[in-house]
Each structure stands twice: as C-alpha cells, then as structure tokens.
Amino acid sequence: MLRLRLGLADLCRVRFADRLHPVGMSLLACQALHDADTARMTPGPAADAASASGPVRSAASVLRHLLPARGRLPDFLTPLDGLESVVAGLEAIRAAPVGRIRAEVTAAYAQLPATPLRRRFAEADGETMDLFGRALGTWHDAVLAPHWADLTEAHRHHVAGATAQLATHGLDGLLNALHPAIRWEAPTLTVRTWWSASLSGTGRGLLLLPSPLAGQHPRVLVEPGRPVLVVYPAPLPRLIRATTPDPLGRLLGATRAAVLRRLAGPGRHTTTALGRAVGISTSSASEHAGALRAAGLVASVRDGGAVLHRLTSLGTELLDAGHAGSPERA
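Residues numbered from 1 in each chain as written. Predicted model: local features only at pLDDT ≥ 70, side-chain atom pairs only at ≥ 80, totals over all residues. Heavy atoms only, no water.

A. The sheet that holds strand β1 (residues 2-5), seen in detail. Strand order in the open sheet formed by four strands is β3-β4-β1-β5, and the pairing between neighbours is mixed. Strands at the two margins of the open sheet, each flanked by one partner only, are β3 (182-185) and β5 (197-200). Between one strand and the next, the sheet's axes are offset by a mean angle of 20 degrees, whatever the strand orientation. Contacting β3 and β4 (188-191), helix α10 (residues 148-176) crosses the sheet at an angle of about 150 degrees to β3. (Pairing = 2+ DSSP bridges. Helix = DSSP H or I, 4+ residues; strand = E, 2+ residues; numbered from the N terminus. Axes fitted to C-alpha atoms, helices over the stretch in contact; angles between N-to-C directions. Contact = heavy atoms within 4.5 Å.)

B. Summary view of the side chain of His309. Within the secondary structure, His309 is located in strand β10 (residues 306-311). Here the side chain of His309 touches Ser300 through a polar contact of 2.6 Å, side chain to side chain. Beyond its immediate chain neighbours, meaning those up to four positions away, His309 contacts Leu263, His269, Thr270, Thr271, Leu274, Ala289, Arg293, Val298, Ala299 and Ser300. (Polar contact = N/O pair within 3.5 Å; in protein donor to acceptor, adjacent residues only side chain to side chain.)

C. Structural view of the environment of Gln31. Mapped onto the elements, Gln31 comes out in helix α2 (residues 22-32). You can call Gln31 buried: its relative accessible area is 5%. C-alpha of Gln31 to C-alpha of Ser200: the two residues are 169 residues apart in sequence and 28 Å apart in space. Ignoring sequence-local partners within four residues, the contact set of Gln31 consists of Pro68, Ala69, Arg70, Gly71, Leu73 and Arg219. For Gln31, the side chain forms a polar contact with the main-chain oxygen of Pro68, separated by 2.8 Å. (Buried < 20%, exposed > 50% of the residue type's maximum accessible area, 1.4 Å probe, protein only.)

D. Inspection of the nonpolar core at higher detail. With 47 residues, the main nonpolar core has Leu27, Ile93, Phe132, Trp139 and Leu144 as its most contacted residues. When sequence neighbours within four positions are dropped, the list of residues in contact with Leu144 reads Met25, Ser26, Ala29, Pro45, Trp139, Leu151 and Leu213. Listed in part, the 20 residues of the second largest apolar core include Ile182, Trp195, Val228 and Val230. (Core = buried A, V, L, I, M, F, W, Y, C linked by side-chain atoms within 4.5 Å.)

Structure below.
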C-alpha cells in the first residue's frame, strides 16, 4: 500500500494528462495483456498481441525476457518526457543516468533468474538498450498503433467524465471516484499498488492518467521536481467495441490503415499531428502518408513549415468500402 501525503501545492495542481504516452502505454501493455481481465477489456490489442508472428513475435520475446511479467516496472522506463512519439520516449529512456538504470533494473530482477541479456540490460549496455528500443518500436507499431485512435478516444471519454465529477462533487469526490484501489482522506492519498511506502508529494501537483492498459493495479511514479503520476485502470467505454477482422488492415497494413482512418476525422492533419494521433514517429507518419499519396488515396500540400494531408475521393471510397470491417461505433 502506498500512502502519499499531499500538500496544498500538490492539491492546487491536480490535473489529467492531456494525452497518452506511446512508450509508457506500450510498456504497461506488455505486462497488462498477460492478464486475462485486461485482455478482455482491450480485445483489439490483445488479439494482435496473441497473433504476433515473425519480427513482432521476436520483439515480444525480447520484451518478455527483459521486463518483469507483472509488478512494478523500473521507473526510468516510464518517463514523463517523450510524449511526442515512440522515438522521443525511447530517447528519454536512454537519457536516464546509468546509475539509476542499474539500480532500478537490478531491483526489478530480484526475483528473476540472471541471464546474459538481463545482465547487459542492467548494466545499461548500449547494444542491449538499442535492441530493447527496436523491439519496443516493432511491438508498438504492430499491437498498439492500429488501436491508438480508440485508446485516445477512451482517454478523452474518461477525462470528460472525471471533469463532470469534479464540477459536481469537488476534489474529494473526484479522487475517491477514480478507482476502487485509490482512496482519498485529506491529506493522504492511499493507493493499492505494486509497492509500499509512505511518501510526501513533490509540491508539483498530481497528474492523473486513466488507461485500460494499466493492468491489475494503479501505477504511481514519484520523482523529485515532477508531478506525481498516477496511472489507474479504466475500461474502454461502451461506445468503443471490439474490432472485427479488418480487411482494410490486411490490405494496407494495420498502421497504414490507421493513418488513412485518422485522415477521415476532423482536424488539421499535419504529419506531426498524424504521428501523434496514431502513436508513431513523425518520420514514420511521413512514410505512410507518402505511400498512401503514391496510391492516390491521399493528397498533400505544404503550408508554411508543415505538410497538410487529406483524403482523396478514392481514399474516401476505399474507407467506405472497408467500413464493415472497421471498428464499429455506437
């Protein structure tokens, strides 16, 4: 049980994360999708993870070996920085001090048998960290990226509901309604998580993040000079249903199909915005948009320093034709 004593400076800065963290969510999902209850809550990613083959299966094997199957992850693997893309998140991980990496990985491996690869990871060996980064990127693109728009919508749905809770029941009502494993009795937030301690807040606030990929228990990250991060389990809302077999994904590839579907939605679709929405790097978004453009499905124009993308009539027709196989919405 974690007991977190919050001061006035923390309580004045309670807020929700404005978007999901691609690397953070990927690492949590690597663990969480082993749990049957979590897999039922996120059937799309669970199905893609279970059907992984070739390079994706190899990537999953590396991650399963390097990460604890359950429990607390090394804190440096879930940084607050690097929200922009998987690449940015991995850069934030690589920026962690070597001493911190060694200490946190060694603690995480306390109950695991030592292997050469785990030893090299605990030593922050450069080649092993590169292997980890490639594996995570491959796994994310195959398992989470195709569902990133749904996960983002789920996040927005929960934040909207929590905002209403705050407006009608105040901060006490909000904190006590987050999750059954979280209880607030001023000035202490008690969280049934993977580790136990009695701590004080950092004075930088409380950052809340609901996610269907949090796993069995809430996750808490406490770093000096940063807001305390609390990631807590939140089911996919009813308006987002399990995906059926996706013919468009089989035709274009899951990530490219996700890019095409994103272009059908509202908003200003720059390359950067596309990458953020789908959960891939800007360079990867540019590559996918270029392939769709070459196929006549997307048109792109330069607007100052940005490139704007939109569906062509052919792209719209293809989406309409594949609608029966796309994620259904109420």
